[in-house]
Amino acid sequence: MKILVTGGMGFIGSHLVTRLLQEGHQVICLDNGYTGRRLNIQIHLDNPAFQLILQDVVDPLPAALEHSGIQQIYHLACPASPPHYQADPIRTIRTSVWGTYNLLQLAQKTGARFLLASTSEVYGDPLVHPQPEDYWGHVNPIGPRACYDESKRLAETLAFDWQRQHSIEIRVARIFNTYGPAMREDDGRVVSNFIVQALRGDPLTVYGDGSQTRSFCYVSDLVEGLVQLMKGSHTGPINLGNPNEFTILELAQQVLALTGSASVIAHHPLPEDDPKQRQPDIRKARTLLAWEPRVPLHEGLQLTIPYFRQRLGLG
Ligand code: NAD
Ligand code: UDP
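The rules behind each value
Residues numbered from 1 in each chain as written. Chains lettered and ligands numbered in written order. Predicted model: local features only at pLDDT ≥ 70, side-chain atom pairs only at ≥ 80, totals over all residues. UniProt positions renumbered as here; feature names shortened; annotations may be inferred. Helix = DSSP H or I, 4+ residues; strand = E, 2+ residues; numbered from the N terminus. Near = placed C-beta within 6 Å. Nonpolar A, V, L, I, M, F, W, Y, C, P; charged D, E, K, R; others polar. Buried ≥ 20, exposed ≤ 12 C-beta atoms within 10 Å, placed from the backbone. Contact = placed C-beta atoms within 7 Å. Expected span 1.5 Å × (residues − 1). Pairing = 2+ DSSP bridges. Axes fitted to C-alpha atoms, helices over the stretch in contact; angles between N-to-C directions. Domains from an automatic or database assignment. Core = buried A, V, L, I, M, F, W, Y, C linked by C-beta atoms within 7 Å.

The chain goes by SDR family oxidoreductase in an unreviewed UniProt entry, where it is assigned to Thermostichus vulcanus str. 'Rupite'. Turning to the chain, the UniProt annotation filed under Cofactor (unreviewed entry) states: "NAD(+)".

See below:
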C-alpha cells in the first residue's frame, strides 16, 4: 500500500514510518520539522519506498499527492508537548484545525482512509475516572492548554462531519501519554525530562507535589494500536494507552532507581489546568481491536534510558 504519514519526523510518527516500511508499504512522510527531526528518519532517506515532503500541513498540499495513489493517511502532524504547543498557541490551533481540514480534503479527493491522532487531552481535567470514550470531557476553553485540547476536539469534529457529509472513511485514536526513544532531549514532557535530568545529575523537576497521575504507554505498543485501528472496521474514537497509572512522584522514583542517579527531586509550581489524574479505559480497544499494551513502565524505561544516554553523549 501507499501510505501518507504527516508528522512522520516526530517521536511517534517516526516509529510508525519504520513499522509501515517494515511491513513492505511505500511511505510518504510529510512534515515541516517544527518539533520533529531529520535524524528520526535519516535511516530511510535512501530507501526507494520512502519519500520525504518537507512542508507545513497548513499550506496548500502538493497537487501531486492527489494523484499519488495513497490509500491511507495517518495524520499526526501537531506539536504534542505542552511547552512546544504553548510556545505559539495560535500556530498550534492553525496546525491542528487547518492542517486536519487540508488532510481531510486530501482523503476525500484520493479516497484514502484517514486516521486522526487525537488525544486524551480531549477529556481535559477529567471528572470521570478512568476515562471511557463516551465521556465528553472537562476542558477549560480559554486556558493555556486550550489551544491544543480544543483544537484537537475540533479536529475530531471535522473528521466526523467530513465522514457524515462526504462518506469518507475515518479512524480516530485518542492517544494517552506515550514515551520512548526518538523523543527530543528538550521535548519537555515528563518522561524525557526526568530521564535527561537523572542522567545529567540535575534535579528532577516535579511540578506540584507530584501526586497527579498519568498512565504511560511505550511507543511500540501505541504504534501497534494505531495500525490495528487503521486496519480494522471501527471508526472510533478509541482510547489507546496503557491503563497502569502512576503518580508523577512514583515515575521520578522509578527513573532514579533505573538510572542509578543521585539526582534530588525539586518541586516546581504546578502548571495552570494541569490534569490531576488520567487513566484510559481501554475496554473498546481490547474488544474491538484485540489490542492491549504489553510493555510495563519499568521495561519501557529500560528501553528508553540507553537512547537518551547515547543522545547526551554518555556512552
Ligand atoms: P512530536 O512533536 O514529536 O511530533 C509531531 C510532528 O509533527 C513533528 O515531526 C513536527 O515537526 C510535525 N509538525 C508539527 N507541526 C506541523 C505542521 N504545521 N506541518 C507539518 N508538520 C508539523 O509529537 P508526538 O508525541 O510524536 O505526537 C504525534 C501526534 O500524536 C500528535 O498529533 C499528538 O497530538 C498526538 N499525541 C501524542 C501523544 C504522546 O503522548 N506522544 C499523546 C496524545 C496525542
Ligand atoms: N511534569 C513534571 N515535571 C516535568 C514535566 C511534567 O512534574 O518536568 C508533570 C506535569 O505537570 C503533568 C505530568 O508531569 O502533571 C505529565 O506532563 P507531560 O507534559 O508529560 O504531559 P501532559 O501534561 O500533557 O499529560
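Colleague: Run through the UniProt feature "domain: NAD-dependent epimerase/dehydratase" (unreviewed entry) in the chain, naming residues and quoting values.
Modeller: Taking the UniProt record as the reference, the feature "domain: NAD-dependent epimerase/dehydratase" (unreviewed entry) is found at residues 3–240. Secondary structure content for residues 3–240 is 36% helix and 19% strand, while the C-alpha to C-alpha distance between its ends is 21 Å.

Colleague: Provide a residue-level description of the site of ligand 1, including the pertinent values.
Modeller: Neighbouring residues of ligand 1: 27 residues in total, closest G7, G10, F11, T35 and G36. Broken down by secondary-structure element, the contributors of at least two residues to the shell around ligand 1 are α1 (11–22), α3 (89–110) and β5 (113–119). In terms of residues, the shell around ligand 1 owes the most to one element, α1, which gives 3 residues. Across the shell around ligand 1, the residue classes break down as 13 nonpolar, 12 polar and 2 charged.

Colleague: Explain helix α5 (residues 190–200) residue by residue, including any values.
Modeller: Of all 11 residues making up α5, 10 are buried, and the element is well covered by its neighbours. Of all the residues in α5, the buried ones are V190, V191, S192, N193, F194, I195, V196, Q197, A198 and L199. Tucked into the core, α5 has its buried residues touching β7 (178–179), β8 (204–207), α7 (248–259) and α9 (297–311). One or two steps after α5, the chain reaches G201, where phi turns positive at roughly 75°.

Colleague: Could you give an account of the environment of I170, naming the residues involved and the relevant values?
Modeller: Assignment of secondary structure puts I170 in strand β6 (residues 170–175). In contact with I170, not counting residues within four places along its chain, are F114, L116, A159, W162, Q163 and T235.

Colleague: So what's going on with the site of ligand 2? Residues and values would help.
Modeller: In the region of ligand 2, 13 residues are neighbours, and R189, V190, N193, T205 and Y207 sit closest. Those elements giving two or more residues to the shell around ligand 2 turn out to be α5 and β8. Of the residues forming the shell around ligand 2, the biggest block, 3 residues, is contributed by β8. Class assignment for the residues of the shell around ligand 2 results in 6 nonpolar, 4 polar and 3 charged.

Colleague: Can you lay out α1 for me, pointing to particular residues and giving the numbers?
Modeller: With 12 residues, α1 ought to run about 16 Å at 1.5 Å a step, and its terminal C-alpha atoms sit 17 Å apart, in line with that. Within α1 the residues assigned to the buried category are F11, I12, G13, S14, H15, L16, V17 and L20. Looking at the buried side of α1, the elements it contacts are β1 (2–6), β2 (26–31), β4 (72–75), β7 and α6 (219–231). Positive phi appears at G24, one or two residues downstream of α1, with a value of about 95°.

Colleague: Talk me through the sheet that holds β6; I want residue IDs and the actual numbers.
Modeller: Adjacent strands of a sheet form backbone hydrogen bonds with each other and so pair up, either parallel or antiparallel. Overall, parallel pairing links the 7 strands, which are arranged β3-β2-β1-β4-β5-β6-β11 in an open sheet. What marks the edges here is a single partner per strand, and that holds for β3 (50–54) and β11 (238–240). Put simply, the sheet's adjacent strands are angled 20° from each other on average, direction ignored. Across 4 bridges, the pairing between β1 and β4 is parallel. Bridge pairing links V5 to Y74 in β4.

Colleague: Can you tell me about the domain arrangement of the chain, naming the residues and giving the values?
Modeller: The assigned domain composition of the chain is domain 1 (2–178 + 217–240) and domain 2 (180–214 + 244–278 + 295–311). Measuring from the centre of the C-alpha atoms in domain 1 to the corresponding centre in domain 2 gives 25 Å. Each partner contributes residues to the interface: domain 1 has 24 residues there, and domain 2 has 17 residues. For the side of domain 1 that touches domain 2, the secondary structure elements donating two or more residues are α1, α2 (82–87) and α6.

Colleague: Mind laying out the nonpolar core, listing which residues take part and the relevant values?
Modeller: Ranked by size, the top nonpolar core spans 81 residues in total, and within it V5, I73, F114, A173, F194 and L226 carry the most contacts. The biggest single contributor to this core is α5, with 7 residues. Mapped onto the domain boundaries, this core takes at least three residues apiece from domain 1 (2–178 + 217–240) and domain 2 (180–214 + 244–278 + 295–311).

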